[in-house]
Amino acid sequence: MPASNSPIIVALDYANADDALALTDQLDPSRCRLKVGKELFTHAGPHAVSMLVNQGFDVFLDLKYHDIPNTVAKACAAATELGVWMLNVHALGGQAMMQAARKAVGAAPDRPQLIAVTLLTSMDQTTFEQLGMQGSINDSVLRLAQLSADSGLDGVVCSPQETAALRQQHDDKFQLITPGIRPENGDQGDQHRTMTPAAAITAGSNYLVIGRPITAASDPMAALSEIETCLIADNT
Ligand code: C5P
């Protein structure tokens, strides 16, 4: 059973486990989930993931696997053993890779959610064309999301701008996970195309990845409460 039914995933972008744990000590596992990405994982390893799982948090292991099917399947099986709630692969690894990943996470009711990254949101049209890819980025995102669904995956990571079109293409069971979220009047930081938490949910997101608006707040739990309040207010 998931520890939380919150749509909020707090991005733990830290260079060591101590800093991450100093934050998670202030958070309640029933009120948010956590994302561990390449930085924290490379510094602190699977042990840090296990500690967070043992603290009772749902952990999204954001390592974006992209390799031959056999290697990705073994990595996904290892992540499943760690007890993570969600993990991801690159859709550009292709259908055979995604199907192998899906098989590796198993069929248990509490298996991790397996999602795909379609195209990185940092990719612009020039970079896209340099890679020999044709058409528009938007069309590729929709096509790669469909390929992910056809491969048995549970959803995709998407930018706030892609959410509505993806939600039109897929029913509610297909999970849309959206970073680039900023509270109304919040500091944009290095994010360019942001959306408020409530607008992203209205557009069809299931989960919101939120880092600095919570992790850099002087009172992270208060920042989380404010976001929860906005979501409830928008829902009534
Ligand atoms: O601090 P902030 O809310 O900007 O953090 C967003 C998190 O979501 C970071 O961990 C970032 O790496 C991740 N992310 C993103 N944009 C993507 C994919 C992931 O900002 N397209």
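To start, this report covers the structure provided alongside it. As the structure is a computational prediction, the values presented were derived from the model and not from experiment.

1. As for the packing of helix α3 (residues 69–82) against helix α4 (residues 95–105)
Contact pair α3 / α4: the axes reach a minimum separation of 8 Å and the direction vectors enclose 30°. With respect to α4, the axis of α3 lies roughly parallel. Helix-helix and strand crossings are classified by hand; for α3 and α4 the assignment is right-handed. Where α3 approaches α4, its residues Pro69, Val72, Ala73, Cys76, Ala77 and Thr80 are matched on the opposing element by Ala96, Met97, Ala100, Ala101, Ala104 and Val105. Grouping the amino acids of the contact of α3 with α4 by side-chain chemistry returns 11 nonpolar, one polar and no charged.

2. Some remarks on the side chain of Arg182
Note that Arg182 resides in the loop between β7 (175–178) and α8 (197–203). Salt bridges are absent for the buried Arg182, whose nearest opposite-charge side chain, Asp190, sits at 4.9 Å. One polar contact links the side chain of Arg182 to the main-chain carbonyl oxygen of Asp187, over a distance of 2.9 Å. For Arg182, the contacting residues outside a window of four places in its chain are Asp187, Gln188, Gln191, Thr194, Met195, Thr196, Pro197, Arg212 and Pro213.

3. Remarks on the side chain of Ser148
Looking at where Ser148 falls in the secondary structure, it is placed in helix α6 (residues 137–150). Within the local environment of Ser148, its side chain forms a polar contact with the backbone oxygen of Leu144, the two atoms lying 2.7 Å apart. The residues touching Ser148, leaving out its near neighbours within four places in the chain, are Ala91, Met98, Ala116, Leu153 and Val156.

The rules behind the values
Residues numbered from 1 in each chain as written. Predicted model: local features only at pLDDT ≥ 70, side-chain atom pairs only at ≥ 80, totals over all residues. Heavy atoms only, no water. Axes fitted to C-alpha atoms, helices over the stretch in contact; angles between N-to-C directions. Helix = DSSP H or I, 4+ residues; strand = E, 2+ residues; numbered from the N terminus. Parallel < 35°, antiparallel > 145°, perpendicular 65-115°, else oblique. Left-handed = near helix turned anticlockwise from the far one by under 90°. Contact = heavy atoms within 4.5 Å. Nonpolar A, V, L, I, M, F, W, Y, C, P; charged D, E, K, R; others polar. Buried < 20%, exposed > 50% of the residue type's maximum accessible area, 1.4 Å probe, protein only. Lys, Arg positive; Asp, Glu negative; His and termini not counted. Salt bridge = Lys/Arg side-chain N within 4 Å of Asp/Glu carboxyl O. Polar contact = N/O pair within 3.5 Å; in protein donor to acceptor, adjacent residues only side chain to side chain.

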